[in-house]
Amino acid sequence: MRKITTFIALAAISFISIGCDRFLDIQPEGKVIPATVEDYRKVLTSAYAKYPDHKSLLALRTDETNIDENTDEFNVYREIAMWKDVNLDPATMEFPWVNFYLINFYLNQIINEGSKTMKESPEKQQIMAEAYALRAYIYLDMVNLYGKPYNSATASTDRGVPINLEIDLEKVLKPSSVQQVYDQVHSDMEKAEGLMIEQQQPTGINYRFSKVSLKALQARTALYQGDWNSALSYSEQALAIKGDLNNLNTSNTPPNHYASPESILALENVFNGTVQNKLTFASQELISKYNTATDKRFGIYFEKNNSRYKIIKKGHSDFKVSFRTAEMYFIKSEALLKLNRLPEAKETLLTIVKNRYTPEGYITVQNDIASMNPADFMNFILDERFREFAAEGQRWFDLRRANQKKIIHTINGQDYILEQNDVRYTIEYPRSARKNNPNL
């Protein structure tokens, strides 16, 4: 039987031998086993660097984008936009699987072996904290790709993803439940919290986890689980450390830039150059959500191209983003709303609005919000998230947890429909993963 763990481990060893100062699990001539904090920092840097850019692919499944049929890469991505997850064209790009478990392999190496070989020091403690935090993040990402949206009534039986916390070439991976995966995420976040030293990471290495980015991860996890008290607490803790917003009335710096005052964790390439430049246009539905005269984001996010709009939120390293302060305000506002604290929820969201609209636009939105009931305000939060996080990898997850709406994509003159509450709101395991492990 071909075991996916063997495949992953071999891939990991191959990568480490090239990209991480020739570290290997064994020590042939010319190779070294990681042992010091310097060694394990390099291993951890490799783990960060391998984080997949799958959120670019997710944008093709949402109501944010339309795929351009007149491009050389069309056949590689078209079936993603058609929500075709089985019997795929062999040319179709797969969602990541091996890369996630490759990163997991690095992190298990740090957690299981580095904890024994590194000398005690603040540097060791920080490396261990980051390893636990990053492992929590990859499992949160995976379970929200390949598992059903969290539902406390069914999570213990809903299929999640395999959990592997060991370095074991013989272990056969089997799917854990959604609840088990979330339990593991919480366990890793708790361990990271007990070890984390750095309050914030300096600009330039803010792809690394810190106390504030861990709080942001905890807040998002609580959001996805509908744990509103925890979502409120963690978002407030994150904002207490870093609550800056980029005022688009006085600055043209995109809020998703790694050096933006909003940047909390600049890890992921959420909208890569291929999808941005060659494959997609903004959907009419997305464009219609903006007041083009008063919403300052519009000119920063989009550019007119004949009769359509290109998304220009960039797709290179300067615009890597995983968490930023705006998201914490949104989570706080939604949590307050769900906890029946509507006035506070409105006041919190207006903090974002004031930094995104012209002064005249702010007054209009403020007046509109004043008369909203809880249901109307919840719809406004979701629409404002649609505008704020366009092409940042958040929309698919918002659709999954909120309403799983019906979406229609027209491709080559044919309509493809994702029905409301469609089972395809949960992505199938990639074919290569199933091929390498029949237990999936």
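A short tour of the structure in this document, coming up. (Residues numbered from 1 in each chain as written. Predicted model: local features only at pLDDT ≥ 70, side-chain atom pairs only at ≥ 80, totals over all residues. Heavy atoms only, no water.)

Regarding the pairing of strand β7 (residues 308-311)
For step 1, the next point in the chain: Bridge count for strand β6 (residues 302-305) against β7 is 4 bridges, and the pairing is antiparallel. Bridged to Phe302 within β7 is Ile311.
For step 2, the next point in the chain: Linking β6 to β7, which pair antiparallel, is a turn of 2 residues; within it Asn306 sits at a positive phi near 60°. (Pairing = 2+ DSSP bridges. Helix = DSSP H or I, 4+ residues; strand = E, 2+ residues; numbered from the N terminus.)

Side note on the packing of helix α9 (residues 228-241) against helix α13 (residues 325-338)
For step 1, the next point in the chain: Where α9 contacts α13, the axes come no closer than 8 Å and their chain directions differ by 145°. Crossing handedness for the pair α9 and α13: left-handed. Packed against α9, whose contacting residues are Trp228, Ala231, Leu232, Ser235, Glu236, Ala238 and Leu239, the element α13 presents Thr325, Met328, Tyr329, Ile331, Lys332, Glu334, Ala335, Leu336 and Lys338 at the interface.
For step 2, the next point in the chain: Split by residue class, the contact of α9 with α13 holds 10 nonpolar, 2 polar and 4 charged. (Axes fitted to C-alpha atoms, helices over the stretch in contact; angles between N-to-C directions. Left-handed = near helix turned anticlockwise from the far one by under 90°. Contact = heavy atoms within 4.5 Å. Nonpolar A, V, L, I, M, F, W, Y, C, P; charged D, E, K, R; others polar.)

Some words on unusual backbone geometry
For step 1, the next point in the chain: Of note in this structure, Asn306 is not a glycine but carries a positive phi near 60°.
For step 2, the next point in the chain: You can see Asn306 is positioned in the loop between β6 and β7.
For step 3, the next point in the chain: A positive phi angle, near 50°, is found at Asn412, a position not held by glycine.
For step 4, the next point in the chain: By the element assignment, Asn412 lies in the loop between β9 (407-411) and β10 (414-418).
For step 5, the next point in the chain: Assessed through its relative accessible area of 52%, Asn412 is described here as exposed. (Buried < 20%, exposed > 50% of the residue type's maximum accessible area, 1.4 Å probe, protein only.)

Considerations on the environment of Ile369
For step 1, the next point in the chain: Of note, Ile369 is situated in helix α15 (residues 359-370).
For step 2, the next point in the chain: In this structure Ile369 touches Lys346, Leu350, Phe377 and Phe380, once residues within four positions along its chain are discounted.

So, the packing of helix α6 (residues 122-146) against helix α8 (residues 211-225)
For step 1, the next point in the chain: For the pair α6 and α8, interaxial distance at closest approach is 11 Å and the crossing angle is 25°. In this view, α6 runs roughly parallel relative to α8, as classed from their interaxial angle. Both α6 and α8 take part in a crossing whose hand is left-handed. Along its contact with α6, which presents Ala133, Ala136, Tyr137, Leu140 and Asn144, the element α8 presents Leu214, Leu217, Arg220, Thr221 and Tyr224.
For step 2, the next point in the chain: Of the residues that constitute the contact of α6 with α8, the class distribution is 7 nonpolar, 2 polar and 1 charged. (Parallel < 35°, antiparallel > 145°, perpendicular 65-115°, else oblique.)

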